[in-house]
Amino acid sequence: MHRKLFKVCMIGDFAVGKTSLVQRFMYNEFRMDYQATIGVNISKKEVIHPSLPAGRITLIIWDLAGGEPFTPVVEAYYRGAMGALFVADVTRPSTVEHLATYIRDFRSVSPHAQGLILLNKIDLLSSSPTSVDELKAVAESFGMPVYLTSARTGQNVEEAFTALGHRLVEQGAYE
Amino acid sequence: MNEPADGLDVLREILLSQDRETLRALQEELDRLKAQLDDPAALLDRIEPIIGEALARRTRANPQEVADALAPVMADALRRQIEENKDAFVAALVPIIGPLIARAVQEAFQALARRVDERIRRATSIQLIVKRWWARVRGIPPGELVLRDALPWRTIAVFIIDNESGLILAQSYQRQIFDRDPNLTAALLTAIRNFARETFSQFTKKEPGTLYELRVASYIVLMEEGPDFYVAWVGEGVPPTDAHERLQTLLTVLHQQYRRQLRDPAQQEKVQKAIESFLWKLLEEDEEESSQGTSMVGMAVVSAVLVLALSLCGWGVYRLSPRMLAYVLPTTAKHITPTPQAMWTVGVLQEDVTPYRSPDERAERLSHTLLQGSRVRVLDREGKWVHIGYPVEGPFRLEGWIPIQSIRIVSQAP
């Protein structure tokens, strides 16, 4: 029997759209105003897909405040996570570079967790596909699947969470 | 003929010019004052510096008159202000009256407890005498026992939560009362515990502590942590005096019997049913305690029987007690010889302790910390050090040495 409940962390710099992605995934909505996350927001969402065992799994999503240094509190929040979505903003290339640090810190706490990289705000960068390709190449060098997402339009959001769900279940089968 | 007239004009000018100037100045002053009276803002500027003093003087002279005059205006203004901006009003008042209210409530409760104590002391009815005696036996003030009866502990939920992930491993809750999502509650609780533990350990520069209790409105969450998971007991009212001991017992049983199954997703559903009986046992004990207040006479009978039984077994206690104390009192022997029978000395930790590998402060410490209140088996004693094993029953998961002042010997168990 497979595990059905998974802890997943949203990790990345501030204002890259972590909370917006969760809101799009949870409620299929997008808010234009920016409200920084303080500490952590926790949400629960079922991922329903025919290819999943019993057709569904449940994610407990820990949406962490962006740009926090790797303190013992953040380390404690990473602990026990089975998966993570590392989020960067395609309009700020530095946020993609910073993913290397986030991934290293997260791996030091949860080495066997599954990860996906989301290059978000793709809707704001439609005019220069070359730069997106470059950023995607940088992200792929971190050894995880990369998704180009837009919390604003909903592009690839559901797909990314569902893909993470699949990876978690596949990993769970070998636990 | 013009000359006399001119002369008069000159004379008039000489005689009246000063008066005319004064009159003009007065007129200007009058116009300015009139303008001030007609302009509320200007009037406010003029009155503001003196109104405080004027009001104070008038209040000193005739306080009732000022109160009568201001009350209708003030009451109306306050009502309007509260209606329009409740939050700001509360924010302004709470820092001032909050501590006063808290103190008043505390004093009222203390007064109530004193009255209850006094009544129980003077009481002659059998029930109250038994209640007073029962309170003494349990080591709590009689007033508190009465409050306990008045505000019985009501269990709302019990959760077994993974220490690291915050995911629920087992649960039991009253669905008609607890309408929150248990998984979200467990995750948030874990986040709060993580935050409290790490933040306060940074402040104190000591080893991480643990959040044992959380109070939100009328709800109380009692928590005890084991090596893999912790138990959160949610309820209302006055918690049982041995609440944390019960949680420790539950944790010990769960770790001994279900540790592996709880961590195995394939067995979680099956084991949940088995564990639920333990959780409900905890709840039933709680109900038993609540009902104790209503059957005091029955309790007195049981107590009398117990006292009689204890008296009959007095010689047995007399024979066992030196053996129990052998681990506590300093002896000349370096090692205690194990007793021929399978007798265990059990102690309760008085503080969070990270055991040493040998009885030496310079020795390496184990990687796990045992929490205050944990029950451990006492294996040996050497000088100011005690050799302990955890848990009390079954194979030890942890074995090491701790300073003798960190432990209180409570009993020997068969």
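Computed from a predicted structure; not experimentally measured.

A.B. asks: Teacher, can you tell me more about the overall build of chain A here?
C.D. replies: From N to C terminus, chain A includes six helices and six strands. Mapped from its N terminus to its C terminus, chain A presents α and β elements in the order β-α-β-β-α-β-α-α-β-α-β-α. Here chain A, with 175 residues, has 51% of them falling under the buried criterion. Accessible surface computed for chain A: about 7,900 Å², of which carbon and sulfur atoms make up 52%.

A.B. asks: Help me out: how do you make sense of the sheet that holds strand S2 (residues 40-48) of chain A in this one?
C.D. replies: Sheet strands pair by backbone hydrogen bonding; their relative direction is either parallel or antiparallel. Residue and element names in this part refer to chain A. Strand order in the open sheet formed by six strands is S2-S3-S1-S4-S5-S6, with mixed pairing between adjacent strands. Only two strands of the sheet have a single neighbouring strand rather than two, namely S2 and strand S6 (146-148). With strand direction ignored, the average angle separating the axes of adjacent strands in the sheet is 25°. Bridge count between S2 and strand S3 (residues 56-64): nine bridges; the pairing is antiparallel. Within S3, the position partnered with Lys45 by the bridge is Leu59. Running at roughly 165° to strand S4 (residues 83-89), helix H4 (residues 99-109) makes contact with strand S1 (5-12), S4 and strand S5 (114-120) of the sheet.

A.B. asks: What is the right way to look at a nonpolar patch on the surface in this model?
C.D. replies: A cluster of nonpolar side chains, Leu93, Ile96, Ile97, Leu100, Ile101, Val105, Phe109 and Leu112 of chain B, forms an exposed patch at the surface whose accessible area comes to about 660 Å². Tracing the sequence through the fold places Ile101 of chain B in helix H4 (residues 86-122).

A.B. asks: Would you take a moment to explain unusual backbone geometry for this structure?
C.D. replies: One can expect most non-glycine residues to show negative phi and most peptide bonds to be in trans. Residue and element names in this part refer to chain A. One non-glycine residue, Ala15, lies in the positive phi region at around 60°. Positionally, Ala15 belongs in the loop between S1 and helix H1 (18-27). Despite not being glycine, Asn156 has its phi angle at roughly 65°, a positive value. Looking at the secondary structure, you find Asn156 in the loop between S6 and helix H6 (157-173). Here Asn156 falls in the partly exposed class, since its relative accessible area comes to 26%.

A.B. asks: Would you mind going over the packing of helix H2 (residues 40-61) of chain B against helix H3 (residues 63-84) of chain B with me for this structure?
C.D. replies: For any two helices packed against each other, the geometry comes down to the angle between their axes and how far apart the axes lie. All names here are of chain B. In contact at an axis separation of 5 Å, H2 and H3 are set at 120° when each is read in the N-to-C sense. Taken together, the axes of H2 and H3 are oblique relative to one another. In this structure, H2 contributes Leu55, Arg58, Thr59, Arg60 and Ala61 to the contact, and H3 contributes Pro63, Glu65, Val66 and Leu70. When grouped by side-chain class, the residues that make up the contact of H2 with H3 number five nonpolar, one polar and three charged.

A.B. asks: What is the right way to look at the sheet that holds strand S2 (residues 168-173) of chain B in this model?
C.D. replies: Residue and element names in this part refer to chain B. Pairing in this open sheet of five strands is antiparallel, and the strands run S2-S1-S5-S4-S3 from one edge to the other. On the outer flanks of this sheet lie S2 and strand S3 (213-216), each paired with one strand and no other. Averaged over all neighbouring strand pairs, the angle between strand axes comes to 15°, with direction disregarded. In terms of strand pairing, strand S1 (residues 154-162) meets strand S5 (residues 229-236) through eight bridges, oriented antiparallel. Among the inter-strand pairings, Asp162 is bridged to a residue of S5, identified as Phe229. Running at roughly 135° to S5, helix H8 (residues 243-263) makes contact with S1, S2, S3, strand S4 (219-225) and S5 of the sheet.

A.B. asks: Would you take a moment to explain the pattern of salt bridges for this structure?
C.D. replies: Between side chains of opposite charge, a pair can form as their charged atoms come close. Applying the stated criterion across every chain yields a total of 24 salt bridges over all chains. Ionic pairing is found between Asp89 of chain A and Lys121 of chain A, a salt bridge with its closest N-O pair at 3.1 Å. With Asp89 of chain A in strand S4 and Lys121 of chain A in the loop between S5 and helix H5 (129-140), this pair connects stretches of sequence that are 32 residues apart. What makes Lys121 of chain A partly exposed here is its relative accessible area of 22%. Close ionic contact of Arg215 of chain B with Glu213 of chain B constitutes a salt bridge, the shortest N to O distance being 2.8 Å. By relative accessible area, which is 57% here, Arg215 of chain B ends up exposed. Overall, the relative accessible area of 33% leaves Glu213 of chain B in the partly exposed class. A single network of salt bridges, built from pairs that share partners, joins Asp89, Arg92 and Lys121 of chain A.

A.B. asks: Explanation requested: the interface of chain B and chain A in the structure shown.
C.D. replies: How large an interface is tends to be reported as the accessible area lost when its parts come together. Every contact between the two is made by 20 residues of chain B and, on the other side, 21 residues of chain A. Between chain B and chain A, roughly 1,700 Å² of surface is buried when both sides are summed, and carbon and sulfur atoms account for 66% of that area. The shortest N-O distance in the salt bridge between Lys44 of chain A and Asp181 of chain B comes to 2.6 Å. For the interface between chain B and chain A, the tally reads three residue pairs in polar contact (both at pLDDT 80 or more). Listing elements by their share of the side of chain B that touches chain A, those giving two or more residues are helix H7 (182-204) and helix H9 (265-292) of chain B. Element by element, the count of residues in the side of chain B that touches chain A is highest for H7 of chain B, at eleven residues. Of the residues in the side of chain B that touches chain A, the class split is nine nonpolar, six polar and five charged.

Quick notes on the rules
Residues numbered from 1 in each chain as written. Chains lettered and ligands numbered in written order. Predicted model: local features only at pLDDT ≥ 70, side-chain atom pairs only at ≥ 80, totals over all residues. Heavy atoms only, no water. Helix = DSSP H or I, 4+ residues; strand = E, 2+ residues; numbered from the N terminus. Buried < 20%, exposed > 50% of the residue type's maximum accessible area, 1.4 Å probe, protein only. Areas by Shrake-Rupley, 256 points an atom, 1.4 Å probe, with all protein chains shown as cover. Pairing = 2+ DSSP bridges. Axes fitted to C-alpha atoms, helices over the stretch in contact; angles between N-to-C directions. Contact = heavy atoms within 4.5 Å. Patch = residues over 30% accessible without salt bridge, like charges linked within 9 Å, V, L, I, M, F, W, Y side chains within 5 Å. Salt bridge = Lys/Arg side-chain N within 4 Å of Asp/Glu carboxyl O. Parallel < 35°, antiparallel > 145°, perpendicular 65-115°, else oblique. Nonpolar A, V, L, I, M, F, W, Y, C, P; charged D, E, K, R; others polar. Buried area = accessible area lost by both parts, 1.4 Å probe. Polar contact = N/O pair within 3.5 Å; in protein donor to acceptor, adjacent residues only side chain to side chain.

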